[in-house]
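# Commentary on secondary and tertiary structure
Each chain is listed here by its residues.
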Amino acid sequence: MDSETVRRVALLARIELSEEEIASYSEDLRDILEHFSLLDELEGLEDYGFNPVEVADVLRDDEPRQDIPAELLMRDMDTYQDYVRGPRLS
Amino acid sequence: MKASRLEAIRELDRDYGIFYSLSDDESLESAEFHFSAKDNLTTVDHETTAGSRILSGYRPPFDAAPVESLRKAGGALLGKTSMDEFGFGTFSVNSAFALPRNPHDRERSCGGSSGGAACAAALIDGHIALGVSTGGSISCPAAFCGVVGFTPTYGRVSRHGLLDYGSSLDKVGMLSADCASIAERFPLIAGPDPRDPTSCGHPEHRERSAARSVGIPRQSLEGIPEEVMSVFNDAVETLRGDMGLEVIEVDMPLFRYAQPAYYIIATSEASTNLARYGGMRYGARGEDLDTHFDGYFRQVRSAGFGREAKRRILLGTFTRMVGYRDRYYVKALQVRQALIAEYRRAFASCDMLLAPTMPFVAPRFDEVEAMSLLETYLADHLTIPPNLAGMPHMSLPCGEIDGMPLGMQLTADHWHEDRLLKAGLEWERRFEYPVPEARA
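Described below are features of the structure shown in this document. (Residues numbered from 1 in each chain as written. Chains lettered and ligands numbered in written order. Predicted model: local features only at pLDDT ≥ 70, side-chain atom pairs only at ≥ 80, totals over all residues.)

## What to know about the interface of chain B and chain A
To keep it simple, the criterion reads: What counts as a contact is two residues whose backbone-derived C-beta atoms lie within 7 Å of each other. Helix and strand definitions here come from DSSP, where helices need a minimum of 4 consecutive H or I residues and strands a minimum of 2 consecutive E residues; each element is numbered from the N-terminal end. Any residue outside Ala, Val, Leu, Ile, Met, Phe, Trp, Tyr, Cys, Pro, Asp, Glu, Lys and Arg is labelled polar, Gly included; the first ten of those are nonpolar and the last four are charged.
The partner chain A presents 46 residues to the 55 residues of chain B that form the contact. Those elements that provide at least two residues to the side of chain B that touches chain A are helix 7 (255–273), helix 8 (293–304), helix 9 (307–319), helix 10 (326–347) and helix 12 (373–378) of chain B. A breakdown of the residues in the side of chain B that touches chain A according to their chemical character gives 30 nonpolar, 14 polar and eleven charged.

## Some points on helix 6 (residues 226–241) of chain B
Residues and elements named next belong to chain B. Selection rule: Here a helix's expected span is defined as the number of its residues, less one, multiplied by 1.5 Å. To sort residues by exposure, count the other C-beta atoms lying within 10 Å of each residue's C-beta; 20 or more gives buried, 12 or fewer gives exposed, and values between give partly exposed, all with C-beta atoms placed from the backbone. Note that the arc is computed from the directions linking the helix axis to the C-beta atoms.
Counted at 1.5 Å a residue, the expected span for helix 6 with its 16 residues is 22 Å, and the 22 Å between its end C-alpha atoms agrees. Among the residues of helix 6, those classed as buried are Phe232, Ala235 and Leu239. Each buried residue of helix 6 sits inside an arc of 55° when the element is viewed along its axis, so together they form one side. Of the exposed residues in helix 6, the ones pointing more than 90 degrees away from its buried face are Glu226, Ser230, Asn233, Asp234, Glu237 and Gly241. Buried-residue contacts for helix 6 involve strand 9 (213–217), strand 10 (246–250), strand 11 (352–356), strand 12 (393–401) and strand 13 (404–411).

## Points about the nonpolar core
Residue and element names in this part refer to chain B. Rules: Each nonpolar core reported here comprises buried Ala, Val, Leu, Ile, Met, Phe, Trp, Tyr and Cys residues connected via C-beta atoms within 7 Å.
Counting residues in each nonpolar core, the largest one holds 134 residues, and the members touching the most others are Ala118, Ala121, Leu175 and Leu314. The leading source of residues in this core is helix 7, at ten residues. Beyond its immediate stretch of four places on either side in the chain, Leu175 contacts Ser114, Ala117, Ala118, Ala121, Ala129, Gly131, Ile138, Ala142, Val147, Val148 and Gly149.

## Brief notes about helix 3 (residues 115–123) of chain B
The buried count for helix 3 of chain B comes to nine of nine residues, which makes it a mostly enclosed element. Residues of helix 3 of chain B that are buried: B:Gly115, B:Gly116, B:Ala117, B:Ala118, B:Cys119, B:Ala120, B:Ala121, B:Ala122 and B:Leu123.

## Structural notes on the packing of helix 2 (residues 19–36) of chain A against helix 9 of chain B
Quick reminder of the rule: Orientation is described by lines fitted to C-alpha atoms, with helices fitted over the stretch in contact, and by angles between N-to-C directions that extend from 0 to 180 degrees. Should an angle fall under 35 degrees it is taken as roughly parallel, and over 145 as roughly antiparallel, whereas 65 to 115 is taken as roughly perpendicular and any remaining angle as oblique. Crossings are classed by handedness, with left-handed meaning an anticlockwise turn of the near helix from the far one by less than a right angle and right-handed meaning a clockwise turn.
Packing of helix 2 of chain A against helix 9 of chain B leaves a shortest axis separation of 11 Å and a crossing angle of 55°. Regarding the angle of helix 2 of chain A to helix 9 of chain B, the classification is oblique. Crossing handedness for the pair helix 2 of chain A and helix 9 of chain B: right-handed. For the pair helix 2 of chain A and helix 9 of chain B, contact is made by A:Tyr25, A:Asp28, A:Leu29 and A:Ile32 and by B:Arg311, B:Leu314 and B:Leu315, respectively. When its residues are assigned to classes, the contact of helix 2 of chain A with helix 9 of chain B shows five nonpolar, no polar and two charged.

Dropping the structure here:
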């Protein structure tokens, strides 16, 4: 994978990389993708699923419910008057 | 458990790096049994970090379903075992915290990613360790540490409370010094849980007869070193002679493609699962909230994720990108489907499949360091096929090379765990497992 692609992917994945890291990941990912190209040998496969076994739909009644108290959920967050503090949007 | 025993475990932990967090509650003494949980299973009384700095200090408000079930049955949680960050590794060297050391030689790896779990199973008497496998993270460390590692069918055990790596691949299982302990405790954590819809597709439970035949995939033995083959062949003779199993050779041509397909699905899913770690809801926080959100998340994620985690996030983000999705991600899903069909064909002619678990014994840390990235990824080639296909499998100790344990891996069809457990019980009546010198 060339450095430009690594830069683009890192931007999408919201990860900051130094020039040195970009060079090193570029080399790593090139080797791995080359290995992945083994799959190009396989043709004519059509069926696929997102899970290896059949998955059942599980729906509960549409009633409001609070499994975990809000204060417990917020214990790990930075909050102010019941609001979660976050970074600026603009 | 006596306080002095807890102290002995603490001492072992100092020497072997078993736990990320170890209980100091001496009332554990009165519990019916004790267990540990890999540190990617949430627990109310211990931090849960999945071996990552980005979750430093995270105290979950609930127990993961398997932890909850074992506690309900009278089990006491001893602690959280060390692991590769988010399960990303084969040797447990990718943790931001403790480095687990092999119970048979401290200069060697425990295997990964459930390295601490396998170490606990080997060193602590009567211990049940909850492990998690995505591509072999239970079998590999079980083989390297000389214990039994049991990975059930995908969906057999609820993933509620598991910090996901690859959601369509992750399976919670057990490691212990013998199969008998697993056969006794595993039913406690198995079964549907509406909090995890992927655990609700179980067919009705049906007790099957013990397996009568084992198939050895020809492709699994390609390139296996002679010294490993010699131990493995002796084990096969015991299975054939003493246990009376019919042993046949089977052909699994798609095994060759399982490894790339697995890494594509695993990293694709990991890259979306790890998107939730942005320094707001859990663990590590950023310093400057006055930064634009893009910069804030980038800052937290870059400082919080380790090198291998970043590599897998980059890889998985790439394979899902517009223009590459069909070539990589969709193709990998198709390979998985075809592999499941290939397994089905094999199970029409035999009840279980068998191969060595790993192509070598636990490597020394300097050997791990010297391996290239691709060599590390390829080391999993025997454990990946059943994991990719969601098939239940179990690694059993089957011999040793220069004092280091070697494992063999049995695989059964979806939902046929009982066959594996029966075979494991029969096996351990005939084969004595290696016992490390240090024990508590």
